[in-house]
Amino acid sequence: MPDAFPPSPPRHVAVIMDGNGRWAAARGLPRSAGHKKGVEALRRAVRAARDFGVQYLTIYSFSSENWARPATEVSFLMELLRRFIRQDVADLHREGVKIRVIGRRDGLDPAIAQLLDDAERLTADNDGLNLVVAFNYGSRQELSCAARKLAEAVRAGSLEPAAITPEVLAGCLETTGIPDPDLLIRTGGEQRISNFLLWQLAYTEFVFVPEYWPDFDAAIFARAIADYHGRDRRFGGLKAHSA
Ligand code: IPE
Ligand code: IPE
Ligand code: MG
């Protein structure tokens, strides 16, 4: 019997936007051309997320390991972020998007850190799509930082070791207050998570797509969501009807 209602969209979609460099190389272009095109794909992804009724979209924009790239590429990516914020934040704000940035702010150019703070502050009261930007983000760093906070609280006498539960630890992560992702999409064909949301992805459905990020569009997004709807999420239990 067909479902009476269409399946509800994933509440939270996390995306590893990968393949910019290979997209460019396949066209005989410099890697920077792929990153530039990637910004257009990001705009399409935000629009599609909103149209599909997704509430949280988390995008992996720069990892803590991406500093290992040549200095010219790193500064190009920093400049691209700066330009994206300057050009797009006002529009996103008008559309009701609420921006939150996760990742280490220290270690960034103070002018960029300021722009990120400003974007969060400007959009803080919006109630549309939640756009979570992972920039200078690394999950192992996030988890070790949480462990440090807990250890300090124990040393200060304000926390009993026995009181450290998954909920308490989750409250020390940068994603505190954000529901765990339902769906992770990685473009570019690699099947790994590259230090992204290691804790939060515990029961997330993974969809790996071969297309490079600059080619990402609403149709690819819709296919990933359809794939997600075909999954049987059990969270360690059993299907409702087999109980
Ligand atoms: C993703 O594309 C963008 C960032 C990691 C900043 P890549 O730059 O990793 O492109 P590939 O994977 O080398 O093709
Ligand atoms: C993951 O892509 C990081 C981002 C998309 C920002 P990478 O291209 O850095 O990952 P690896 O090196 O292929 O694992
Ligand atoms: Mg890559």
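Within each chain, residue numbers correspond to sequence positions counted from 1 in written order. Whichever chain is written first becomes A and whichever ligand is written first becomes 1, with later ones labelled in order. For a predicted model such as this one, the threshold for reporting local features is a pLDDT of at least 70, and the threshold for listing and counting side-chain atom pairs is 80 or more; totals across whole chains, interfaces and linings nevertheless cover every residue. Hydrogens and water are ignored here; the side-chain numbers use all heavy atoms of the structure.

**Notes on the pattern of salt bridges**
(1) Moving on: Definition used for salt bridges: Asp or Glu carboxyl oxygen within 4 Å of a side-chain nitrogen of Lys or Arg. Inspection of the entire model under this criterion finds 23 salt bridges.
(2) Moving on: Asp88 is the partner of Arg43 in a salt bridge, and the nearest nitrogen-oxygen pair spans 2.6 Å. In this pair, Arg43 sits in helix α2 (residues 31-52) while Asp88 sits in helix α3 (residues 71-94), placing the two residues 45 residues apart along the sequence.
(3) Moving on: Each residue gets one of three labels from its accessible area relative to the maximum for its type: buried under 20%, exposed over 50%, partly exposed in between, using a 1.4 Å probe on protein chains only. Accessibility expressed as a relative area gives 29% for Arg43, which makes it partly exposed.
(4) Moving on: Accessibility expressed as a relative area gives 8% for Asp88, which makes it buried. Helix numbering and strand numbering both begin at the N terminus, where a helix is a DSSP run of H or I of at least 4 residues and a strand a DSSP run of E of at least 2.

**Quick word on the site of ligand 1**
(1) Moving on: Lining the immediate surroundings of ligand 1 are 13 residues, of which Asp18, Gly21, Arg22, Arg31 and Arg69 lie closest.
(2) Moving on: Interatomic distance of 3.1 Å between a backbone N/O atom of Asn20 and an oxygen atom of ligand 1.
(3) Moving on: Contacts to ligand 1 include Arg31, whose side-chain N or O atom sits 2.9 Å from an oxygen atom.
(4) Moving on: Relative to its unbound accessible surface of 370 Å², ligand 1 loses 87% to contact with the protein.
(5) Moving on: Within this scheme a cavity is a closed region of a 1 Å grid, computed over the protein atoms alone, that accommodates a 1.4 Å probe without allowing it to escape, whereas a pocket is open but has protein on both sides within 12 Å along at least five of seven lines; lining residues each have an atom within 4 Å of a point. Being in a pocket or cavity means that more than half of the molecule's atoms lie within 2 Å of its grid points. Mapping ligand 1 onto the cavity grids shows that it belongs to the largest pocket.
(6) Moving on: Counting only elements with at least two residues in the shell around ligand 1, the list comes to α1 (20-25), α2 and α3.
(7) Moving on: The dominant element in the shell around ligand 1, judged by the number of residues it contributes, is α1, at three residues.
(8) Moving on: In this count, Pro and Cys sit with the nonpolar residues alongside Ala, Val, Leu, Ile, Met, Phe, Trp and Tyr, while Asp, Glu, Lys and Arg are called charged and the others, Gly among them, polar. For the shell around ligand 1, the residue count by class is two nonpolar, six polar and five charged. We call a residue near a molecule or strand as soon as one heavy atom of that residue lies within 4 Å of the molecule or strand. N or O atoms within 3.5 Å of each other form a polar contact, as long as, within protein, one can give a hydrogen and the other can take it, and as long as residues adjacent in sequence are counted only when both atoms are side-chain atoms. Areas reported here follow the Shrake-Rupley algorithm with a probe of radius 1.4 Å; residue values treat only the protein chains shown as occluding.

**Digging into the side chain of Ser139**
(1) Moving on: Considering the arrangement of structural elements, one finds Ser139 in helix α5 (residues 139-155).
(2) Moving on: Any two residues whose heavy atoms approach within 4.5 Å are treated as being in contact. In this structure, Ser139 is in contact with Asn195, Phe196, Leu197, Leu198, Trp199 and Gln200, ignoring residues within four places of it in sequence.

No statement about biological role is implied by the geometric values presented.
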